[in-house]
Amino acid sequence: MRLLLGIALCVTFQLVFNASAISAEFEVVKIGAIFFHNEIDLIEAFETAIEDINQLELNVRLQPIKHYLSADDSIVLQKLTCHLIESNVAAIFGPSSKASSDIVEVLCNITGIPHLQYDWHIQETGLYYRNHQMTVNVAPSEFGLSTAYWDILRSNRDKWKSFTIVYESSSNLARMQELFSWKQLHKTGIKVHKFKRGDDYRILWKVISNSRERFVVLDCPSDIVYEVVNASIYFNMTGSFNHLFLTNLDTHLGDLGRFYAKEFTVAAMAVRLRPYIPPPVHEETDIFEPETTDKIVHIHAQLIYDAVVLYFHALTNVINALKYYEPNLHCGQGFWKPGPLIIREMKNLTPKNVTPHYKTQKLLINSYGRRDDFNLEIYNPVIEQITHVWNKQHHLVSFDEVSTNSKNEAKKRKFNDKEDFSQKKPTYTVATRVGEPYFMWKPEREGEHFEGNERFRGYVVDLLYKLADECKFEFVLEPVSDNNYGSPDPETNEWNGIIKQIIDNKAQIGVCDLTITQARRSVVDFTNPFMQLGVSILYYKDEPPAANLFGFLKPFALEVWAYLLMALIITALVMIIQARISQLDWEKQVQTDPNIIVLENKWHLINNLWLVIGSIMTAGCDILPRGGATRLLTAFWWIFALLLSQTYIAKLASFITSSKMEGSIRDLHDLVGQNKIQFGTIKGGSTSMFFSESNESDYRVAWNKMIAMKPDAFTSSNKEGVDRVRRSRGRYAFLMETTNLQYYVQRNCDLQQIGEPFGVKHYGLAVPLNAPFRSNLSVGILKLSEKGVLYNLKKTWLNDNKTMCKQHTGSSSNQETQYTMESLGGLFIVLAGGILIGIVLGIGEFLWYIESIAAKENISPMVALKSEFKFFLRFWIRYKPIKIYLANRSSTSTGYSSFKATSTSTFKKKKKSKKKIVLNSD
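Residues numbered from 1 in each chain as written. Predicted model: local features only at pLDDT ≥ 70, side-chain atom pairs only at ≥ 80, totals over all residues. Heavy atoms only, no water.

Undergrad: Which residues make up the overall build of the protein chain, and what are the values?
TA: For the protein chain, the helix and strand inventory stands at 31 helices and 27 strands. A total of 922 residues make up the protein chain; the buried ones form 44% of that total. Here the analysis covers contacts within the protein chain between residues at least 6 apart in sequence; of these, 70% occur between residues at least 24 apart. When the accessible area of the protein chain is evaluated, it comes to approximately 50700 Å², of which 56% is carbon and sulfur surface. (Helix = DSSP H or I, 4+ residues; strand = E, 2+ residues; numbered from the N terminus. Buried < 20%, exposed > 50% of the residue type's maximum accessible area, 1.4 Å probe, protein only. Contact = heavy atoms within 4.5 Å. Areas by Shrake-Rupley, 256 points an atom, 1.4 Å probe, with all protein chains shown as cover.)

What follows is the structure, given as structure tokens:
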């Protein structure tokens, strides 16, 4: 026991001796600090700063006196401050901003004890500075940070047109004052959301996602920043079209490098104070990374370290210039005169030749005791790559530019080898729907299997490949599950189809035969159109009837023609009977001998048939009946013939225009004005929206009829509508875009387009509202149009037709109103038959005449045939004698010698002499 007591006395003696020796060689200055119990890193940084200072071979040493708070209590804080003042401290550090009271600043201002802060506080006013002249804050001013944030976002003003500010502590909003003045607080400017530590952060991101926001300013402590950002993955907020700006200066401690993956492509940027570079790279203007790792990395720990160093150098300068004496004050009584001198020295101190060096660059204190100049670096927190540097003088400067200006190549920053996925070609998720010929599944033959985009083919697939090459992006095709274009529910106002995918941030591009409408443009944006079109009517086309040579007989049925023939014969027979009864129809026969009187009835069967047939043909007859009964009968026959012929002509005309009469629908007006043919369009498509929102009378009537039709007139796709038109065979018409209509008409011979297109529309690519890549896509579409790519795509997918349909020459109107030779050829055959029969009868009559002449003149039939044939060939002889064969045949054997010798003039002379004899006899 005595031994232990002796050792203790020796140790005590040694400590007292050392203390007296130190006090003899060094000036010991007491400094006080107030911490909360959980601020371990601040305490360590404070002790490290004092240890680094005391290791210097200078005539001043710092002796710390630390007090601790368990809670924010102004009364306790006042007692601790008073205890430090009464302990003769020459400066008080802290407390941090967790303490809401400024009692420390007030007491220090009264007693002249320098007070140093290292954390942000409420923005001060002029009155505050007058009442707190003994306070110096080494933390960057909130106004300076606000200006830096504004410069950062303003450099990307094309992207950051609107954004959402997410924060945990309301006190940090003072750093956003420039942002609030830049944008307005509304749905198209700035939106603000607050969250609490420990909440379900997915709710926060769900709200942001539902607001369709892709630009987020996040002010979040580093210890929970990973959890907060990780919750955004559930709502697809970490894609290449999302932007995240992290404003907390300790974000680099949040270990966001764990997000490094190809799927995490959000354009993230964060800020932090630029650290000081130790020797041999020690110039304050250097902007490169230190090669050694500093243990003090927390911003508040760095700032309290800098505050101790700043105070030490100012204190040293004052001690070297004046005689130092220790404060001996009571709380609220007395004033330490060296205090203001130390404060003034801190304001005049420059960072050059400061040892130990500051942890942050460009520590300068203004006349108000605040730090308004600092170097801020902007970096990607996922890959720890610096992109820009900001300060008060030069504002935002590209890091690459500063690196290029460096003369010392050894100072150039060694970048991390990690690849920045956010800077790669953006990958767009493309929402589309299955619909021929724009987007279709590619058939797989045996042994084939396709993956990814290779599974699809169609117009928009080729368009996207061309556009991706032009605009430098990649894409993933995703057909929507409901296969809808996109239309709002009238009750919930929720969209479906492609538009919903874009609104929900599940796709960045929507493309198919998607029409640009005003309703859709209210929730998404569209690029320049890649196709112009209209709306027209798809209708069934009957197969053309087979050619009928005797089509002219169709107006009357077979029994009508049979009864007509019977009527002709009966009427002719009745006329014969009536004429033989009627005495007026008996006429004198012309005789050469006037003494012989013979009556003749001309109404035999041949003449009667000629009369009735000529009446039907409206040709008339040279002889007409004279009796009353026969004339009455003839008049009734004429009435019958007139009505019959006109009925035939009218019926023939109706048959000629039968196709036109059956297909009486010429345009939408005709379609709306009838009730036999149903018509409809795609449900929820742009065409249905066109009719439902139009104020034009025909369109409104068409819409009202469509929604009232039973069964339902709407279809779920163009393919279904086309199939319905084909099945209905003329009982259903489908209203659709002209491009799709022409595609199906060219490939289906039983379909046709009716009427001219109406309601001009355009197809375009849908993108999210304010999407920064929309202009790039629009420029790409214009370039493809100028190069003829769009024309070739349309020709390939819409106009090329390998289906061989029978084409009809002439216009469609002529085909509907005129018979062709195939239909009227029978008339020409009948005429040719009549000519042949006439020729045969004529030949038979001629031979019969030869036979009768041969018998009458007692000559050979061959001689008579030869004589008649020779006369037939002499076509220039105009008159034929009554009797061409002479009784005296001695002079010739042909009977034509006397006629041959007699000239025309001789014949005329004989005729004149004969007339003279008659006159003389008279």
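Undergrad: Got a sec to walk through helix α8 (residues 201-210)? Specific residues and values, please.
TA: Burial in α8 covers these residues: Tyr-201, Leu-204, Trp-205, Ile-208 and Ser-209. End-on, the buried residues of α8 take up no more than an arc of 130°, which puts them together on one face. Across α8 from its buried face, at more than 90 degrees, point the exposed residues Ile-203 and Asn-210. Residues of α8 that are buried sit in contact with β6 (163-167), β7 (190-194), β8 (215-219), α9 (225-231) and β9 (243-246). (Arc of directions from axis to C-beta.)

Undergrad: Give a description of helix α26 (residues 789-799) that names residues and reports values.
TA: For α26, every residue scored as buried is listed here: Val-789, Leu-790, Leu-793, Trp-797 and Leu-798. One face of α26 carries all of its buried residues, which in axial projection span an arc of 120°.

Undergrad: Could you give an account of empty space enclosed by the protein, with specific residues and numbers?
TA: Counting across every chain of the model gives four cavities of 30 Å³ or more. Estimates place the volume of the largest cavity at around 90 Å³. Contributing elements (two or more residues each) for the lining of the largest cavity: α21 (686-693) and β25 (732-737). The dominant element in the lining of the largest cavity, judged by the number of residues it contributes, is β25, at four residues. For the lining of the largest cavity, a count of residues per class yields six nonpolar, six polar and three charged. (1 Å grid on protein atoms, 1.4 Å probe; cavity = no way out; pocket = protein on both sides within 12 Å on 5 of 7 lines; lining within 4 Å. Points joined across faces, edges and corners; volume = space filled by probe spheres on them. Nonpolar A, V, L, I, M, F, W, Y, C, P; charged D, E, K, R; others polar.)

Undergrad: Now, about the sheet that holds strand β5 (residues 135-140): what can you tell me, with residues and values included?
TA: Spatial strand order, β2-β1-β3-β4-β5-β11: six strands in an open sheet with parallel pairing. Lying at the two open borders of the sheet, with one neighbouring strand each, are β2 (60-69) and β11 (370-371). The sheet contact formed by β5 and β11 spans two bridges and is parallel. Bridged to Asn-137 within β11 is Arg-370. Taken strand by strand, helix α10 (residues 299-321) contacts β1 (27-36), β2, β3 (92-93), β4 (115-117), β5 and β11, and its axis lies near 140° from that of β2. (Pairing = 2+ DSSP bridges. Axes fitted to C-alpha atoms, helices over the stretch in contact; angles between N-to-C directions.)

Undergrad: Explain the nonpolar core to me, and be specific about the residues and the numbers.
TA: If you look at the biggest cluster of nonpolar residues, it comprises 90 residues, and the most contacted ones within it are Phe-93 and Tyr-311. Here the element with the most residues in this core is α10; it accounts for 15 residues. Apart from residues no more than four positions distant in its own chain, Phe-93 is found in contact with Ile-31, Gly-32, Ala-33, Ile-34, Phe-46, Leu-116, Tyr-118, Ala-307, Val-308 and Tyr-311. With 65 residues, the next largest nonpolar core counts Ala-468, Ile-682, Leu-751 and Leu-790 among its residues. (Core = buried A, V, L, I, M, F, W, Y, C linked by side-chain atoms within 4.5 Å.)

Undergrad: Any chance you could break down a nonpolar patch on the surface for me, citing the residues and the numbers?
TA: Together, Tyr-563, Met-566, Ile-570 and Val-574 make up an exposed nonpolar region whose accessible area comes to about 400 Å². By the element assignment, Val-574 lies in helix α16 (residues 558-581). Classification of Val-574 by relative accessible area gives partly exposed; the value is 31%. (Patch = residues over 30% accessible without salt bridge, like charges linked within 9 Å, V, L, I, M, F, W, Y side chains within 5 Å. Salt bridge = Lys/Arg side-chain N within 4 Å of Asp/Glu carboxyl O.)

Undergrad: Could you give an account of the environment of Pro-426, naming the residues involved and the relevant values?
TA: With respect to the secondary-structure elements, Pro-426 resides in the loop between α12 (399-405) and β15 (427-432). Taking relative accessible area as the criterion, Pro-426 reaches 24% and is therefore assigned partly exposed. For the pair Pro-426 and Thr-265, spaced 161 residues apart in sequence, the C-alpha to C-alpha distance is 8.5 Å.

Undergrad: Can you explain the sheet that holds strand β26 (residues 751-763)? Please cite residues and give values.
TA: Pairing is mixed in the open sheet, where four strands are placed in the order β24-β25-β21-β26. Where the open sheet ends on each side, the last strands, each with one partner, are β24 (678-680) and β26. Between one strand axis and the next, the sheet turns through 20° on average, direction left out of account. The strands that α21 touches are β21 (531-540), β25 and β26; relative to β26, the one it contacts most, it runs at about 80°. In the packing of helix α22 (residues 697-708) onto the sheet, the strands contacted are β24, β25 and β26, and the crossing angle to β24 comes to about 105°.

Undergrad: Describe the state of the cysteines, listing the residues and the values that go with them.
TA: Evaluated as defined, the whole model comprises one disulfide. Here Cys-82 connects covalently by a disulfide to Cys-331, the sulfurs 1.8 Å from one another. With Cys-82 in helix α3 (residues 74-86) and Cys-331 in the loop between α10 and α11 (338-348), this residue pair connects regions lying 249 residues apart in the sequence. You can call Cys-82 buried: its relative accessible area is 12%. Not part of a disulfide, Cys-108 finds its nearest cysteine sulfur in Cys-331, a span of 9.5 Å. (Disulfide = S-S within 2.5 Å.)

Undergrad: Describe the packing of helix α24 (residues 738-747) against α26, with residues and values.
TA: Packing of α24 against α26 brings their axes to within 9 Å, and their N-to-C directions diverge by 50°. Taken together, the axes of α24 and α26 lie oblique to each other. Across from Thr-739, Tyr-743, Gln-746 and Arg-747 in α24, the residues of α26 making contact are Lys-794, Trp-797, Leu-798 and Asn-799. Broken down by class, the residue content of the contact of α24 with α26 amounts to three nonpolar, three polar and two charged. (Parallel < 35°, antiparallel > 145°, perpendicular 65-115°, else oblique.)

Undergrad: Lay out the packing of aromatic side chains with the relevant residues and their values.
TA: Remark: the centre distance and the inter-plane angle together describe each pair of aromatic rings, the angle taken between the planes. For the structure on display, the rule yields 30 aromatic pairs. The interplanar angle of 25° and the centroid separation of 5.5 Å between the aromatic rings of Tyr-699 and Phe-758 together place this pair among those described as stacked. Separated by 59 residues along the polypeptide, Tyr-699 in helix α22 and Phe-758 in strand β26 bring together distant segments of the chain. Both residues of the pair, Tyr-699 and Phe-758, count as buried. Put simply, the rings of Tyr-428, Tyr-465, Phe-473, Phe-475 and Phe-773 pair up and form one aromatic cluster. Looking at Lys-359, its charged tip hangs above the ring of Tyr-305, at a distance of 4.7 Å from the centre. (Phe/Tyr/Trp six-rings, centres within 6.5 Å; stacked < 30°, edge-to-face > 60°. Lys NZ or Arg CZ within 6 Å of the ring centre and 35° of its normal.)

Undergrad: With reference to specific residues and values, describe unusual backbone geometry.
TA: Gly-94 connects to Pro-95 through a cis peptide bond whose omega is 0°. Pro-437 follows Glu-436 through a cis peptide bond whose omega is 0°. Residue placement: Pro-437 occurs in the loop between β15 and β16 (440-441). Its identity as a non-glycine residue notwithstanding, Lys-362 has a phi of 60°, on the positive side. Summarising the element assignment, Lys-362 is placed in the loop between α11 and β11.

Undergrad: Tell me what's going on with the pattern of salt bridges, and back it up with residues and numbers.
TA: This structure, assessed with the given rule, holds 20 salt bridges. As a salt-bridge pair, Asp-151 and Arg-154 come within 3.0 Å of each other at their nearest N and O atoms. Residue Asp-151 and its partner Arg-154 are located together in helix α6 (residues 142-154), separated by three residues, close to a single helical turn. With a relative accessible area of 5%, Asp-151 lands in the buried category. Put simply, Asp-373 and Lys-362 hold a salt bridge, and the shortest N to O gap is 3.9 Å.

Undergrad: Can you break down the packing of α21 against α22 residue by residue, with the values?
TA: α22 packs onto α21 with a crossing angle of 115° between their chain directions and a minimal axis gap of 7 Å. In the packing of α21 onto α22, the handedness of the crossing is left-handed. Counted together, Ser-688, Phe-690, Phe-691, Ser-692 and Glu-693 of α21 and Tyr-699, Arg-700, Ala-702, Trp-703 and Met-706 of α22 form the full contact between these two elements. Residues of the contact of α21 with α22, tallied by class, amount to six nonpolar, two polar and two charged. (Left-handed = near helix turned anticlockwise from the far one by under 90°.)

Scope: geometric values only; no functional claims are made or implied.
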